[in-house]
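Structural overview for review
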2 protein chains.
Amino acid sequence: MDTVAPLLIAGRWQAAQDGMETFRAFDPASGDAIGPAFPRSGATDVEQALAAASAAAPRLAATDPERIAAFLDAYADALEADADALVQLAHAETGLPAAPRLRGNELPRTCSQLRQAAAAVRGHRWTQPVIDTAAGLRSHHAPLGKPVLVFGPNNFPFAFNAVSGGDFAAAIAARNPVIAKAHPAHPATSQRLAGHAQRVAEAAGLPPATVQLLYDVEPALGLALAGDARLGAVAFTGSRSAGLALKQAADAAGTPFFGELSSLNPVFLLPGALAERGPALAGEFSGSCLLGSGQFCTNPGLVIVPEGAAGDAFVADVQARFAATAPLPLLSRGVLVSLRHAIAALRDAGARLLCGGDAGTTGYRHAPTLLTVGAEDFLADPRRFQAEAFGPCSLLVRAADAAQMQAIASTLEGQLTGTLYRAADGSDDAAWRSLAAALRPRVGRLIADRMPTGVLVSPAQQHGGPFPASTQPGFTAVGLPAAILRFTALQAYDNVPDALLPPELRDRNPGGLPRWTDQHCTTADIGATP
Amino acid sequence: MDTVAPLLIAGRWQAAQDGMETFRAFDPASGDAIGPAFPRSGATDVEQALAAASAAAPRLAATDPERIAAFLDAYADALEADADALVQLAHAETGLPAAPRLRGNELPRTCSQLRQAAAAVRGHRWTQPVIDTAAGLRSHHAPLGKPVLVFGPNNFPFAFNAVSGGDFAAAIAARNPVIAKAHPAHPATSQRLAGHAQRVAEAAGLPPATVQLLYDVEPALGLALAGDARLGAVAFTGSRSAGLALKQAADAAGTPFFGELSSLNPVFLLPGALAERGPALAGEFSGSCLLGSGQFCTNPGLVIVPEGAAGDAFVADVQARFAATAPLPLLSRGVLVSLRHAIAALRDAGARLLCGGDAGTTGYRHAPTLLTVGAEDFLADPRRFQAEAFGPCSLLVRAADAAQMQAIASTLEGQLTGTLYRAADGSDDAAWRSLAAALRPRVGRLIADRMPTGVLVSPAQQHGGPFPASTQPGFTAVGLPAAILRFTALQAYDNVPDALLPPELRDRNPGGLPRWTDQHCTTADIGATP
């Protein structure tokens, strides 16, 4: 390959500046390199992106929100209009099914997120105005005034892409420029998305460096970038090891780091539920665990199954379903290698292989894999059994009684989700309450009677959890307007005249915005006759 | 001294367990040691406190909020009833005036904060419920389920004390146990406060380890404590060097760290304001800078004064006021030593001493001190001139024009506050707008025409700012209910039956609580006929 793809820096597609280290994408089905060469950026590219974003930040913060909303809507329209090409590229680079996954689910979700962000911008609700008229104090959440660095993961080429996903939409909604560090497993997809973003941003009149794209950087340079004090925040979705290294760099600079790192998403099957509908639960679990080849952050990687006949039947049922499924395609060689290591580590720890355990023969495939361990063994060394095995794999822990379930729950690290299946007749509810009490501080989303995969984009969502599932337990990466708050500063105005205040805080309500005014939530203007 | 004061661990006053390293308080007026010996805790004390708080955390999280509110109200009552003794102790240990400061301002403020926290608990507003009925998703902010470690500063023996101040009240309001690391400059005050807290907590039926008190720990042990993964959050008010070390320890454990570290609180005097009311501004500034011997985090430590006759007159007026003021008492020998070092560093950088610069002859006193530097020199090395000089000291920067003011604003580190004085006739407003735009992303509270000291406890307050003023730009340490959010986790419930939900999220509104239900803010019950 002679031509190397250009970077998007300061509103222009330009050649990488340092050396010419390149990489290519791989077709997961075959393991063959595909598409053009993409540059791995050096220090000059990174500095240019930082300088341009820093210059754009105050301009973007001062931009009329309607322009931002129009950009987000138009970007969604552009993605829909280009769906065929985008889906084809993403399918080639990730091995994810073009339909229904990419075309029917992920692209619509991505467009919906962008449009929900646009609606959130127009609604102003994320600004959370609070007004104390007697004190002359008014505060709200406002743009950081600095760029946001977004690291996208491998498993959602659209919906979590650094240049089109939830973090991107939330950072832009708060009027902060985004430096997108795409995932190197799907560079052509990222390039095409960024092309749309750039064109639409220019048409909307946003500053040229509102959206910038780097395909990859050397790890050491990535740490320097994440640790640059010019950033306002860093958002990361990916592996725990990479995330913790980047977090350390951002922490040292005093920059808020919002990472979503790893999760086992434990599922507890209470005895009544198992007795009542064991075969249905086996089907639900198998479907959830194998969906998308198990490559979801909310994949159920740990299931606590009661000992006894009903539990045995559940295990046998799931085992049969897994064994009947051909090896599943993974996103990249890296995912395959990590999965093999994780399975080996679980077996070393004492887990017994029930089925699977083997890679496929072509490309990056792995057989659906079930492991099992007794509760006593799990409890003897709970940390070793909590290593995430990202892919179509789950560990079934057999528990003798409610006390063992409770003990297991009490050893869990922070998780995105925790699920409890209970009998419909209420007979499990006492056990539910005590188990839920143990799980509650350890999970972001507590689920009853359905599997954790499928993270709805809802204002009531929490797609975060206690460390190390995510790095800030009070925030969510999914769900609007809450996700926007990660990229804001709380700003007060003290004794500032009405004309010099931002619109949300002026006496005149900008239009239907609920504001906490003198301890009451109201949409009224200040000084209006009640 | 034979007797060493006991620690409050797990609901009991007990002797320190490790060795017997002790320290005493000092009377700032004389520099003499006063009061009994207090233990510097070792690893055994710290472990006992952590273990007890961790055991108490889930019990406290499950406690009826009314019990928490009753505790906070009763604690305020107890402090008022014991005001004479508390004020006497705090005055002896800090040198702060018994009246009006401690008796008339700080103790009432402390009691008011506790009562506002109680009201916030009863109002449930901090839980921020969001309900999506179609999706079956409901979320709110909830207790961390883990202890909060609070480090109190030297300058507010009541209102920011680790066992009675704003961080304490906010952490308890969110139903988290507090491990209080008091400031070693006022141990007897902290002990007496903790005595009330303990007695009232027991009467309210709260778990014994809800409130625990350590007087001091070795720095290395303090870092180990802040870095213990059993903590849910760390709150710190104090020096930048100590705060950054503790932040690094907490960051490594993935524990949210809320630090308020340092601030110069720049004040810009626009030309019209100076021409209009120069003498009044000189009086306002001198009063603010010398109040409490300048020992406030919002002390105006940097003033940008236009060159020319009006500016010269302002400087001469302030200089006369400072020179006419006798050396002022400081909180401790440490404050005195740090102030002397900071003044020397500013002079080394090129600032010229206008008046003061000397320590007093008895106890820990220092003369009110003014330094000055030209804008060009400031801009040549802005970092050196931004070292905080905590105490009755300020640096006056003389700026030739609006462009230099703008340039200075653009070099500032993150600050708690930024103040702009403008002419009442509006003639400064164009300059105000551009200077405010430069300052806005660099300060938490933007102030017009009044001095930054006096941080009102208001729902609209922001007593934080961009790093390094504070470590989380989206949060405030002062102002309820917002301050409570630092000590909460965002928790979602997915498909959980009504009876198993927490009260704020059930179909039936617990009473007048505004909830975002299906995109509308309403106090209605779910399913009620509209």
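What you are looking at is a predicted structure, and each value in this text was computed from that prediction instead of being measured. (Residues numbered from 1 in each chain as written. Chains lettered and ligands numbered in written order. Predicted model: local features only at pLDDT ≥ 70, side-chain atom pairs only at ≥ 80, totals over all residues. Heavy atoms only, no water.)

1. A closer look at the packing of helix H7 (residues 219–226) of chain B against helix H8 (residues 240–252) of chain B
What describes two packed helices is the angle between their axes and the distance between those same axes. Residue and element names in this part refer to chain B. Direction vectors running N to C along H7 and H8 enclose 40 degrees, while the axes themselves pass 7 Å from each other. When the axes of H7 and H8 are compared, the pair comes out oblique. With respect to the hand of their crossing, H7 and H8 are arranged in right-handed fashion. Across the interface between the two elements, Gly222, Leu223 and Ala226 from H7 touch Ala245, Leu246, Ala249 and Ala250 from H8. Looking at the contact of H7 with H8 residue by residue, the classes come out as six nonpolar, one polar and no charged. (Axes fitted to C-alpha atoms, helices over the stretch in contact; angles between N-to-C directions. Helix = DSSP H or I, 4+ residues; strand = E, 2+ residues; numbered from the N terminus. Parallel < 35°, antiparallel > 145°, perpendicular 65-115°, else oblique. Left-handed = near helix turned anticlockwise from the far one by under 90°. Contact = heavy atoms within 4.5 Å. Nonpolar A, V, L, I, M, F, W, Y, C, P; charged D, E, K, R; others polar.)

2. A closer look at helix H1 (residues 43–61) of chain B
Residue and element names in this part refer to chain B. An ideal rise of 1.5 Å per residue puts 27 Å on 19 residues; H1 measures up with 27 Å between its terminal C-alpha atoms. Taken as a whole, H1 carries its principal kink of about 25 degrees at Ala55; the proline Pro58 stands between one and four residues after it. Among all positions of H1, only Asp45, Val46, Ala49, Leu50, Ala52, Ala53, Ala56, Ala57 and Leu60 are buried. Looking at the buried residues of H1, the elements they touch are strand E1 (7–9), helix H2 (65–81), strand E8 (178–181), strand E9 (211–214) and H7. (Expected span 1.5 Å × (residues − 1). Bend = angle between axes of the 7 residues up to and from the residue. Buried < 20%, exposed > 50% of the residue type's maximum accessible area, 1.4 Å probe, protein only.)

3. Quick look at the domain arrangement of chain A
Residues and elements named next belong to chain A. According to the domain assignment, chain A consists of domain 1 (41–261 + 478–483), domain 2 (267–448) and domain 3 (489–522). Relative to domain 2, the C-alpha centre of domain 1 lies at a distance of 33 Å. Facing 11 residues of domain 1, the contacting portion of domain 2 comprises 12 residues. Regarding the contact of domain 1 and domain 2, the summed buried area is about 870 Å², with carbon and sulfur atoms giving 55% of it. The interface formed by domain 1 and domain 2 holds one salt bridge in total. Between Glu413 and Arg240 there is a salt bridge, and its shortest N-O distance comes to 2.9 Å. At the junction of domain 1 and domain 2, the tally comes to two residue pairs in polar contact (both at pLDDT 80 or more). Among the residues making up the side of domain 1 that touches domain 2, the classes are represented as three nonpolar, four polar and four charged. (Domains from an automatic or database assignment. Buried area = accessible area lost by both parts, 1.4 Å probe. Salt bridge = Lys/Arg side-chain N within 4 Å of Asp/Glu carboxyl O. Polar contact = N/O pair within 3.5 Å; in protein donor to acceptor, adjacent residues only side chain to side chain.)

4. Considering the interface of chain B and chain A
Taken together, the contact pairs 59 residues of chain B with 59 residues of chain A. Taken together, the two surfaces of chain B and chain A that pack against each other cover about 5,100 Å², and 57% of this comes from carbon and sulfur. Linking chain B to chain A there are four salt bridges. Between Arg445(A) and Asp494(B) there is a salt bridge; the shortest N-O distance is 2.5 Å. Where chain B meets chain A, there are 30 residue pairs in polar contact (both at pLDDT 80 or more). Contributions of two or more residues to the side of chain B that touches chain A are made by strand E5 (130–132), strand E6 (137–143), H8, helix H14 (429–439), strand E20 (443–448) and strand E21 (488–494) of chain B. Considering every element that reaches the side of chain B that touches chain A, the biggest residue donor is E21(B), with seven residues. Of the residues that constitute the side of chain B that touches chain A, the class distribution is 29 nonpolar, 17 polar and 13 charged. As paired strands, strand E21 (residues 488–494) of chain A and E20(B) are joined by three bridges and run parallel to one another. Paired with Tyr493(A) across the two strands is Leu446(B), which belongs to E20(B). (Pairing = 2+ DSSP bridges.)

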